[in-house]
Structures are given as structure tokens and as C-alpha cells.
Amino acid sequence: MSGLHLKEYLRAEALCVEQALERAVTVLESELESDVGAAIRHGVMSGGKRLRPILCSTAYRECGGQGGGDAYDLAVSLEMIHAYSLMHDDLPCMDDAQLRRGQATTHSEFGEDVTMRAAAALIPAATRQALHSARKLECGVAGAGVVVQELLEAAGAGGMVGGQWLDLLGEGQTLSPEELDELHRRKTGALLTAALVMGALAATADEEVVSALASYGRAIGLAFQITDDVLDATQSAESLGKNPSDVDLDKSTYVSLYGLGQAREQARERVADALGALGSVQIDAPVLTVLAGYVIEREK
Ligand code: GRG
């Protein structure tokens, strides 16, 4: 698959993801107070690359999964967790951000109390979404629990929440390279890895394929974060569509620790690790192969 085809692929996948998100948000709007529903719509339907659901649906398909819409319904459970995390991350008690995805952050528009509730409601909603959709895929009722467990482990204290905590504690400190890797393995890497593993498990891939995709996910997770730090250091808030910057928050980053050149080199090494993991098993994964490079070539 060429770079041009990847762009088309990502556009088509994002469209299916948007449709599945629309279905999920419409259900939530019918269940919740109107201001909370509106805040959820703002936080979820605000664009973004939709990388986590696309990794999930791609892994699912490249592991032989045949489900259509149900696979996207599963994939968007990851985006619902991601959206809640961004809504909470932007709150004044965390990063105190005004701009996200080129728009006002949810609390700037709806207030802190409504945003807190809206984001919290997304956590059980994502869990329900994952459970109901996974049951309809190849893994069936018996395998769906394991798929959901992946999501919850990645989102929890050993994953994203724990990583965010380390991130907040690390403000104003110089972290060691090991501490920085551990923080991002949890804060960003865990959910990206879960996306791949959930897709593979839903398609009932062999154990060694699931484990290779987990290694691929851990490697692209770090490559993705290093690139995030490079973009944060080299582009304006306007072009990235978000604020504040890592410098504003006095955070340790791959750029502050290694400098731009070495950080970029490390991102390339992680992509090579990811491709090595993919090559170690017998699956035909043309999209995941090109996607590994995309995570460090992206401009947003
Ligand atoms: C209570 C400690 C505590 C935590 C709550 C807030 C939170 C949970 C977690 C935050 C995790 C977080 C903000 C991770 C950010 C990871 C990241 C690189 C986000 C940007 O992802 P992209 O580039 O964004 O995929 P788009 O906009 O494309 O979706």
C-alpha cells in the first residue's frame, strides 16, 4: 500500500468511525440530561484523527475478521475512552486548556461541572459499547469479556489513568529516560496497544499474532508520543489546534531530554521495532505495515 492509498484508506475508515460514533452518541443523548448529552457530543464529535478505532478495525480485518458495522461499534469504544480522557485532561485542575482539535475545550463551552459528568458517563458507556459489539463478532459471548478486559486494563491505573498521574506529578521535574518511557507506555501507549489487541482478539487471532500485535502497539505507542513531543516543540498552538504546550506546563519530553534530532531518530527506531514484531508472525498486514510509518510522519 502506498502513502497515497493510506490517505484514502484513513479517510474511508474515519468515515465509518464517525458513523459508529454518531450511533453511540445518539443513544447517550437519549439517556442523559440535555446539557450532558450536548457536552458529550462536543467532546466526541469534534474531529481528531480517530487513530485508536482505526488501529482496532484494521487489526481486526488483517487478522481475518469479517464483521462490518459491529467491528466499528467495537472500535469506537476506544475513542469514547480517549474522548473522556481529553475532556478531563483539559480541565483547569489538570492541563487547563482552552483549545482542543481547533475548537473550544468542552469545559470552556459547557462548564466544569457538566464536563466532569459528561466525561465520567463516557467510561461505563464505552464499556457497554465494547461488550455489546464484541459479542456480535467472531469472538462471541465467550470471548467478549476478554476483549473488554483489554480496554479496561489499558484505561485504568496500570495504563492511561496511572500514566496521567505520573504526568501530573512530573510537572516541573526532570524525568529520567526510563521514567519518561514508563509514563508514556501507560498514558498513551496502553490504549493504542489495546486497540490492536482488541481487534485481534475479536477476530480470534492466534496467541502469537495477538502477542506480536501487542509488541507492535507498544513500539508505535512510543513512536507516536515522541512525534507528539516533536510536533509540540516545532509547531504553533494554532496549527496543532491545541494548547497549552509542554513548555508552558514545564513537562519533561523526548525533545527536552534528547534534543530534536535524537528524538526523531528514536521515533524511527521504534517504527523499526514495530515492523520487526509484525514480521515475526505469519499475517498479511499491508495496512498495519504502512500505518507504522504514518505515526511519525503525521503533521498533527
Ligand atoms: C484522574 C489522574 C487521572 C486521570 C484521568 C485525564 C486522564 C484520565 C487521562 C489523560 C490521558 C491523556 C490526555 C492522554 C493523551 C494522549 C495523547 C497523545 C492525546 C492526543 O491524541 P491524538 O493525537 O489526538 O490521537 P486526536 O485529537 O487526533 O484524537
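For clarity, every value in this text was computed on a predicted model and none was experimentally measured.

**Overview of unusual backbone geometry**
Right, so step 1: Along the chain, asparagine 243 connects to proline 244 via a cis peptide bond; the corresponding omega equals -5°.
Right, so step 2: The backbone of arginine 50 sits at a positive phi, close to 60°, despite the residue not being glycine.
Right, so step 3: Residue position: arginine 50 is located in the loop between helix H2 (34-44) and helix H3 (51-62).
Right, so step 4: Unlike most non-glycine residues, threonine 204 shows phi in positive territory, near 55°.
Right, so step 5: Since its relative accessible area comes to 48%, threonine 204 is described here as partly exposed.

**What about helix H4 (residues 69-89)?**
Right, so step 1: Here H4 contains 21 residues, and its C-alpha end-to-end distance of 30 Å stays within 8% of the 30 Å for a straight helix at 1.5 Å per residue.
Right, so step 2: With 19 of 21 residues buried, H4 lies mostly within the body of the structure.

**Concerning the packing of aromatic side chains**
Right, so step 1: Evaluation of the coordinates by the stated rule reveals one aromatic pair.
Right, so step 2: Between tyrosine 254 and tyrosine 258, the ring centres sit 6.3 Å apart and the planes meet at 10°, which makes this aromatic pair stacked. On the criterion of helical spacing, the pair formed by tyrosine 254 and tyrosine 258 is a turn pair, its members being four residues apart in helix H12 (residues 254-258).
Right, so step 3: A residue is classified by how much of its surface remains accessible, and tyrosine 258, at 24% relative accessible area, is partly exposed.
Right, so step 4: The lysine or arginine in question, arginine 298, covers the ring of phenylalanine 224, its NZ or CZ lying 3.9 Å from the ring centre.

**What about the pattern of salt bridges?**
Right, so step 1: Evaluation of the coordinates by the stated rule reveals 21 salt bridges.
Right, so step 2: Across the pair lysine 251 and aspartate 95 runs a salt bridge whose closest N-O atoms are separated by 3.5 Å. Taken together, the residues span a long stretch of sequence, with lysine 251 in the loop between helix H11 (237-240) and H12 and aspartate 95 in the loop between H4 and strand E1 (99-100) at a distance of 156 residues. Note on accessibility: lysine 251 and aspartate 95 belong to one class, buried.
Right, so step 3: Arginine 298 is the salt-bridge partner of aspartate 228, the closest N and O atoms lying 3.2 Å from each other. Linking aspartate 228 in helix H10 (residues 207-234) with arginine 298 in the segment after helix H14 (286-297), this pair joins segments that are 70 residues apart in sequence.
Right, so step 4: According to the relative accessible area criterion, aspartate 228 is partly exposed, its value standing at 21%.
Right, so step 5: A relative accessible area of 6% means that arginine 298 is categorised as buried.
Right, so step 6: One salt-bridge network, in which partners are shared between bridges, spans Glu18, Arg50, Glu79 and Arg101.

**What about the site of the ligand?**
Right, so step 1: The local shell around the ligand holds 19 residues, among which Lys49, Arg52, His82, Arg101 and Gln164 are the closest.
Right, so step 2: The contact in question runs from an oxygen atom of the ligand to an N or O atom on the side chain of arginine 52, over 2.8 Å.
Right, so step 3: Within the side chain of arginine 101, a nitrogen or oxygen atom sits 2.7 Å from an oxygen atom of the ligand.
Right, so step 4: Surface burial for the ligand is 89%, taken as the share of its 750 Å² of free accessible area covered by protein chains.
Right, so step 5: Among the elements of the structure, H4, helix H8 (160-169), helix H9 (177-202) and H10 are those that each provide at least two residues to the shell around the ligand.
Right, so step 6: Counting residues per element, the shell around the ligand draws most heavily on H4, at five residues.
Right, so step 7: In terms of residue class, the shell around the ligand is built from six nonpolar, seven polar and six charged.

**Digging into a negative patch on the surface**
Right, so step 1: Among the surface-exposed residues, Asp35, Asp96, Glu112 and Asp113 lie close enough to one another that they form a single negatively charged patch.
Right, so step 2: Here aspartate 96 is to be found in the loop between H4 and E1.

**A short note on the environment of lysine 300**
Right, so step 1: Within the secondary structure, lysine 300 is located in the segment after H14.
Right, so step 2: For lysine 300 and aspartate 228, which are 72 residues apart along the polypeptide, the C-alpha to C-alpha distance reads 8.0 Å.
Right, so step 3: Lysine 300 has contacts with Lys49, Leu231 and Ser239, leaving out every residue within four places of it along the chain.

Each value, and the rule that gives it
- Residues numbered from 1 in each chain as written.
- Predicted model: local features only at pLDDT ≥ 70, side-chain atom pairs only at ≥ 80, totals over all residues.
- Heavy atoms only, no water.
- Helix = DSSP H or I, 4+ residues; strand = E, 2+ residues; numbered from the N terminus.
- Buried < 20%, exposed > 50% of the residue type's maximum accessible area, 1.4 Å probe, protein only.
- Expected span 1.5 Å × (residues − 1).
- Phe/Tyr/Trp six-rings, centres within 6.5 Å; stacked < 30°, edge-to-face > 60°.
- Lys NZ or Arg CZ within 6 Å of the ring centre and 35° of its normal.
- Salt bridge = Lys/Arg side-chain N within 4 Å of Asp/Glu carboxyl O.
- Near = heavy atom within 4 Å.
- Polar contact = N/O pair within 3.5 Å; in protein donor to acceptor, adjacent residues only side chain to side chain.
- Areas by Shrake-Rupley, 256 points an atom, 1.4 Å probe, with all protein chains shown as cover.
- Nonpolar A, V, L, I, M, F, W, Y, C, P; charged D, E, K, R; others polar.
- Patch = residues over 30% accessible without salt bridge, like charges linked within 9 Å, V, L, I, M, F, W, Y side chains within 5 Å.
- Lys, Arg positive; Asp, Glu negative; His and termini not counted.
- Charge placed at Lys NZ, Arg CZ, Asp CG, Glu CD.
- Contact = heavy atoms within 4.5 Å.

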